[in-house]
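Observations on the three-dimensional arrangement
Listed below, chain by chain, are the residues.
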Amino acid sequence: MTGAARKLAASGAGLAFTGVALGAFGAHALAGLLSPADLGTFETAVRYQMYHALGLFGVAWLAEQRGGHPLVVRGGWLLVAGTVVFSGTLYLLVLTGARWLGAVTPIGGVMQLAGWLLVLLGSLRKAA
């Protein structure tokens, strides 16, 4: 496995690990402390983190198959960054009550969309 693919796969594993840990924390430690709306927001953060963690394994495989195509690799890193921003701001919003973070969350979503678009374009172009 190439360096870029290996790092993307490791990032996916790291996001999956923390997603499981945060999901368990939310279900067990926060269930009685948060409002249903805040618990739902926390669960949304975990869900999107896990979706993108698993997706990164596919992106890593595609990066390997496409010879480390720059669009695929850049898209993968945008997915990592977008997930950290999207889910991270939701976690912080719920845990700190800093509602202004809700204005930052869509930036992470746009980064995720841009990442998937780059992966799509990289999958359609000739291998590097």
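Scope of this entry: the structure provided in the associated data block. (Residues numbered from 1 in each chain as written. Predicted model: local features only at pLDDT ≥ 70, side-chain atom pairs only at ≥ 80, totals over all residues. Heavy atoms only, no water.)

**A few points about the overall build of the chain**
Convention followed: Helix and strand labels come from DSSP, where a helix needs a run of H or I of at least four residues and a strand needs a run of E of at least two; each type is numbered from the N terminus. Relative accessibility under 20% of the residue-type maximum defines a buried residue, over 50% an exposed one, and the middle range a partly exposed one, all with a 1.4 Å probe and only protein chains included. Should any heavy atoms of two residues lie within 4.5 Å, those residues are counted as being in contact.
In terms of helices and strands, the chain carries four helices and zero strands. Counting helices and strands in the order they occur from the N terminus, the chain gives α-α-α-α. Along the three orthogonal principal directions, the C-alpha set of the chain runs to about 50 × 25 × 15 Å. Expressed as a percentage of the 128 residues in the chain, the buried residues total 41%. Put simply, of all contacts in the chain between residues at least 6 apart along the chain, 78% involve residues at least 24 apart.

**A word on the environment of G40**
In this fold, G40 is placed in helix α2 (residues 36-65). Relative accessible area serves as the criterion here: at 27%, G40 is assigned to the partly exposed category. In the structure, G40 is positioned 54 residues away from V94 in sequence and 9.7 Å away in space, judged by C-alpha atoms.

**Things to note about the side chain of T83**
Here is the rule we go by: Within 3.5 Å is the distance limit for a polar contact, defined as a pair of N or O atoms, with the added protein rule that one can donate a hydrogen and the other accept it, and that residues adjacent in sequence qualify only through two side-chain atoms.
Topologically, T83 is positioned in helix α3 (residues 70-96). Owing to a relative accessible area of 1%, T83 belongs among the buried residues under this scheme. Side chain to side chain, T83 and Q112 meet in a polar contact 3.1 Å long. Residues in contact with T83, not counting those within four places in the same chain, are L15, Q49, H52, G88 and Q112.

**Focus on the pattern of salt bridges**
Condition: Salt bridges are defined by distance alone: a side-chain nitrogen of Lys or Arg within 4 Å of a carboxyl oxygen of Asp or Glu.
One pass over the full model with this rule turns up one salt bridge. Linking R99 and D38 is a salt bridge whose minimum nitrogen-to-oxygen distance equals 3.1 Å. Taken together, the residues span a long stretch of sequence, with R99 in the loop between α3 and α4 (105-124) and D38 in helix α2 at a distance of 61 residues.

**Some words on the nonpolar core**
Applicable threshold: Nonpolar cores are built from buried Ala, Val, Leu, Ile, Met, Phe, Trp, Tyr and Cys residues. Side-chain atoms within 4.5 Å join them into one set.
L8, L56, V59, A63, V72, L79 and V119 are the most contacted members of the largest nonpolar core, which has 16 residues in total. For this core, the secondary structure elements donating two or more residues are α1 (3-28), α2 and α3. Among the elements that make up this core, the one with the highest residue count is α2 (six residues). The contact partners of L8, leaving out residues within four places of it in the chain, are L56, V59, A60, A63, V73, G76 and W77. With 13 residues, the next largest nonpolar core counts L34, V46, L90 and A98 among its residues.

**With respect to the packing of α2 against α3**
We apply this condition: Axis lines are fitted through C-alpha atoms, for helices just across the contact stretch, and the angle between N-to-C directions can take any value from 0 to 180 degrees. Roughly parallel covers angles under 35 degrees, roughly antiparallel covers those over 145, roughly perpendicular covers 65 to 115, and oblique covers all other angles. Note: crossing handedness is left-handed where the near helix turns anticlockwise from the far helix by less than a right angle, and right-handed where it turns clockwise.
For the pair α2 and α3, interaxial distance at closest approach is 9 Å and the crossing angle is 165°. With respect to α3, the axis of α2 lies roughly antiparallel. You can see that α2 and α3 cross each other, and the crossing is left-handed.

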